[in-house]
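# Fold and geometry: a report
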Amino acid sequence: MCPAGDRIKPVAPLTPSVATAPTEPFALGRTRTPRTRRTVDLSPAQHRALYNWQREAADRIGVARVTGQEVITALIDHLLSDPRLSAQITRTIQSRR
């Protein structure tokens, strides 16, 4: 026979707030979403000019650096949300073909 202190105590029923608590893990702060990688080929002059622009942009906004990823992502966001920019880019692509 088990002493009284070793017996398993019945579990109290869950209160509604506990029963509806999320069961999936969650992250505090920024959450990561799946990403798809795209690459771009630049001429040496384009690469150097972009690198210089990134350094100047970092100085203007007061950070150590601005990454190429940040630049490309911001450009794509603007391209997809601004019809005038989208039309301008379409014309540029068409004229280069």
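Residues numbered from 1 in each chain as written. Predicted model: local features only at pLDDT ≥ 70, side-chain atom pairs only at ≥ 80, totals over all residues. Heavy atoms only, no water.

## Observations regarding the overall build of the chain
Counting its regular elements, the chain contains 4 helices and 0 strands. Ordered by position from the N terminus, the helices and strands of the chain form the series α-α-α-α. Expressed as a percentage of the 97 residues in the chain, the buried residues total 5%. Only carbon and sulfur atoms are counted for the fraction: they give 57% of the accessible area of the chain, which is about 9,900 Å². (Helix = DSSP H or I, 4+ residues; strand = E, 2+ residues; numbered from the N terminus. Buried < 20%, exposed > 50% of the residue type's maximum accessible area, 1.4 Å probe, protein only. Areas by Shrake-Rupley, 256 points an atom, 1.4 Å probe, with all protein chains shown as cover.)

## What to know about the packing of aromatic side chains
Counted according to the given criterion, the structure contains 0 aromatic pairs. In this structure, Arg60 is placed above the aromatic ring of Trp53, and the distance from its NZ or CZ to the ring centre is 5.7 Å. (Phe/Tyr/Trp six-rings, centres within 6.5 Å; stacked < 30°, edge-to-face > 60°. Lys NZ or Arg CZ within 6 Å of the ring centre and 35° of its normal.)

## Things to note about the packing of helix α3 (residues 68–81) against helix α4 (residues 83–96)
Viewed as axis vectors pointing N to C, α3 and α4 meet at an angle of 105°, and their least axial separation amounts to 5 Å. On the basis of their axis angle, the class for α3 and α4 is roughly perpendicular. For the pair formed by α3 and α4, the contact residues are His78, Leu79 and Ser81 on the first element and Pro83, Leu85, Ser86 and Ile89 on the second. When its residues are assigned to classes, the contact of α3 with α4 shows 4 nonpolar, 3 polar and no charged. (Axes fitted to C-alpha atoms, helices over the stretch in contact; angles between N-to-C directions. Parallel < 35°, antiparallel > 145°, perpendicular 65-115°, else oblique. Contact = heavy atoms within 4.5 Å. Nonpolar A, V, L, I, M, F, W, Y, C, P; charged D, E, K, R; others polar.)

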